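# Commentary on secondary and tertiary structure
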Amino acid sequence: MRFFDCGAMAGRHPVPRAGRVASPEELLREMDRFRIEQSLFSAYRFEAEATEAMNRATFAAARNSSRLVPCGVMTGAPSRIGRTLAQEANDLIASGARAIRMVPSEGPSASPLTLRRFALDPLLDRIQRSATPLLIDAAEFHTAQGAATSAFEQIAAMAAGFPRLPIVLLQPKYNAQADLIAVLRRYRNVYCTIPLLGLFREMESLAAIAGADRLLFGAYLPNSDPALPIGMITYSKLPVREREMIAGGNLRRLLGVDRGAR
Amino acid sequence: MVEAVFDGKPQSGVFDVHGHIEPSPADSVWPRRVEDLIEDMDRCGTSRIIVSHHWGLAATTPDELGKAHETAASVAAHAERLRAYVVFQPHLPDESMRQAQRVLDAPESFVGIKLHGPLHQYAADGPAYLRLFAFANEHALPVLFHVAAPERSLGILAKICESNPRMKLILAHFGGVPETAIAPLLKRYANLFIDTCASAHGHRQLERMVDLAGAGQILFGSDATYLGMGAQVAKIALADLSQGDRRAIFSLNARRVFGPKVVP
């Protein structure tokens, strides 16, 4: 089984986190331990202009190891006067980003991530042209705050408006199943990672309903233990071919990469 | 253990202290039948499981609670794989106490008692629970307890362990609190245990737990057919722990709690 992790992050936070993965080197060690061949990776920083620092660190890590496939990060707002989100996305893709991840601003008074189309349409149009996957953290979609600005309503609107844009929901929770099933059924360009879909045979049922080609292995590092999604896949009752697709084949296809890692 | 996970091969002799069954349609999005459970046990290498019946948790009348405990029939049909908990419904205290007697009358089927505080919205030191704890203490029974508001109940749990030293109290889901909060209680009370099932599992959470409190009071639980079994098995098998610690969590500790007649 060739595991390709969708959406790992590594970096330090001012509040020490249990089970942290503080650097790309630590991430690579964990990938070795869990036999994860490659990771669609973003560095993490907590600072002003954090996304610029994160992207610099991501590309630097990717230059050091081909196992770390760079995923650029953006917030819903441009970081420089006179620049647009579309221009920032253009620069990330030109620099080698294979996907783009929307990340929220952080801090006690930070506003939640916004995924409203009036803010994002030019960006979505740009990345659809290159079929660059857009990654969105869905772990908090079920909260009241998330539901207002960045939840399934916005995902549905984006997926309908940009049908050739692959939209990857990172770690939706098992209790978001109703919305998840609906959006997967209705929009063929929506995908999701599996680490928090832990109900009994939930992954198998989603594969039966929406297709195994829509599900992606995500270890959810550094927040979660990779053993869970690994066990979901290796002990699944799905056929081997579908397990291999979920473990890494689907993500390789989305990113247009299919080669052994150095 | 590690190779088995990556090859999708069964582990050996896993004993699961936290399971559920309930009839469900064969094409259910969320299957919960005993047949589904056993099929996944076979794939993961879980040789035995102790289950409680969803109907017992959902019972609203004494009659419903009594019927739920006809799970004995399911257990008898799969005697080599299944044992059952009596479900204690604190809002039906008298019938629950009557059902608890099954652990003494039919120990070949019922081997402990299950409490679900969040579902029943019942405090850890509510009078019905205290009555049950006294019964469990008198007969040295295991009690699997999913605690409501666990972060506010640690002091109460300490008192319960202290007042009922012969009862074996198993807190579901790592006790529902950070490992730094539950570890001191585990170290203080030899009759307190935790099980390992959870829908989310922090990076290296089990390793931190063992580091703080040792592996001797940690029991493997899957929560299947609520949660999937493969993920729960893998997180023990792939943990950065000694083979001995993983084997203890997978089965040896449960043997101490439930006795060799229950554990293969």
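Here, every reference points to the structure presented above.
Rules used in this analysis
Residues numbered from 1 in each chain as written. Chains lettered and ligands numbered in written order. Predicted model: local features only at pLDDT ≥ 70, side-chain atom pairs only at ≥ 80, totals over all residues. Heavy atoms only, no water. Helix = DSSP H or I, 4+ residues; strand = E, 2+ residues; numbered from the N terminus. Rg over C-alpha atoms; globule rule 2.2 N^0.38 Å. Buried < 20%, exposed > 50% of the residue type's maximum accessible area, 1.4 Å probe, protein only. Contact = heavy atoms within 4.5 Å. Areas by Shrake-Rupley, 256 points an atom, 1.4 Å probe, with all protein chains shown as cover. Pairing = 2+ DSSP bridges. Axes fitted to C-alpha atoms, helices over the stretch in contact; angles between N-to-C directions. Buried area = accessible area lost by both parts, 1.4 Å probe. Salt bridge = Lys/Arg side-chain N within 4 Å of Asp/Glu carboxyl O. Polar contact = N/O pair within 3.5 Å; in protein donor to acceptor, adjacent residues only side chain to side chain. Nonpolar A, V, L, I, M, F, W, Y, C, P; charged D, E, K, R; others polar. Phe/Tyr/Trp six-rings, centres within 6.5 Å; stacked < 30°, edge-to-face > 60°. Lys NZ or Arg CZ within 6 Å of the ring centre and 35° of its normal. Right-handed = clockwise from strand over helix to strand, strands pointing away.

### Description of the overall build of chain A
Across its full length, chain A carries ten helices and eight strands. Relative to a compact globule of 262 residues, whose C-alpha radius of gyration would be 18 Å, chain A shows 17 Å and is just as compact. For chain A, the proportion of its 262 residues judged to be buried stands at 61%. A separation of at least 24 residues holds for 72% of the contacts in chain A among residues at least 6 apart in sequence. For chain A, the accessible area works out to roughly 10600 Å², and carbon and sulfur atoms hold 50% of it.

### Overview of the sheet that holds strand β2 (residues 46–53) of chain B
Residue and element names in this part refer to chain B. Taken in spatial order, the eight strands make up an open sheet running β1-β2-β3-β4-β5-β6-β7-β8, and their pairing is parallel. In this open sheet, the two edge strands, each paired with only one partner strand, are β1 (14–21) and β8 (218–219). Two elements, strand β7 (residues 192–195) and β8, share two bridges in a ladder whose sense is parallel. Among the inter-strand pairings, I194 is bridged to a residue of β8, identified as I218. Here helix α10 (residues 154–163) sits on the sheet and contacts β5 (142–146), β6 (168–171) and β7; the angle it forms with β6, its principal contact strand, is near 155°.

### Structural notes on the interface of chain A and chain B
Taken together, the contact between chain A and chain B spans 33 residues of the former and 41 residues of the latter. Buried surface at the junction of chain A and chain B, both sides included, amounts to about 3000 Å², of which 58% is carbon and sulfur. E207 of chain B serves as the salt-bridge partner of R33 of chain A, at 3.7 Å between the closest nitrogen and oxygen. Taken together, the links from chain A to chain B amount to 17 residue pairs in polar contact (both at pLDDT 80 or more). Taken together, the elements giving at least two residues each to the side of chain A that touches chain B come down to α1 (24–33), α8 (202–210) and α9 (227–234) of chain A. No other element matches α9 of chain A, which puts six residues into the side of chain A that touches chain B. Of the residues that constitute the side of chain A that touches chain B, the class distribution is 17 nonpolar, nine polar and seven charged.

### Considering the packing of aromatic side chains
Under the counting rule described, the total for this entry stands at eleven aromatic pairs over all chains. Centre to centre, the rings of F88 of chain B and Y129 of chain B are 6.2 Å apart; their planes meet at 50°, and the pair counts as tilted. With F88 of chain B in the loop between β3 (82–87) and α6 (93–100) and Y129 of chain B in helix α9 (residues 127–138), the pair connects residues that are 41 residues apart, well separated along the chain. Taking the relative accessible area as the measure of exposure, Y129 of chain B reaches 0% and is therefore buried. Considering the side-chain rings of Y122 of chain B and Y129 of chain B, the 4.7 Å spacing of their centres and the 75° angle between planes classify their relative orientation as edge-to-face. The burial state of Y122 of chain B is the same as that of Y129 of chain B; both residues are buried. One residue, R214 of chain A, lies across the ring of Y191 of chain A, its end atom 5.9 Å from the ring centre. In this arrangement the basic side chain of R32 of chain B is found over the ring face of W30 of chain B, its NZ or CZ atom lying 5.7 Å from the centre.

### Section: α9 of chain A
The buried fraction of α9 of chain A is high, at eight of eight residues. A227, L228, P229, I230, G231, M232, I233 and T234 of chain A are the residues of α9 of chain A that are buried. On its buried face, α9 of chain A is in contact with β1 (3–10), α8 and α10 (240–255) of chain A together with α1 (2–7) and α13 (229–237) of chain B.

### Some details on the pairing of strand β4 (residues 99–102) of chain A
Residue and element names in this part refer to chain A. The alternating pattern of β4 places A99 and R101 and I100 and M102 on opposite faces, both of which are buried. Note: strand β3 (residues 68–74) against β4, four bridges, orientation parallel. Counted as the bridge partner of C71 is A99 from β4. Viewed along the sheet, the connection from β3 through helix α3 (residues 85–94) into β4 turns out right-handed. Examined bridge by bridge, β4 and strand β5 (residues 134–137) share three bridges and lie parallel to one another. Across the sheet, R101 pairs through a bridge with L135, a residue of β5. In this fold, the crossover linking β4 to β5 by way of helix α4 (residues 117–129) has right-handed handedness.

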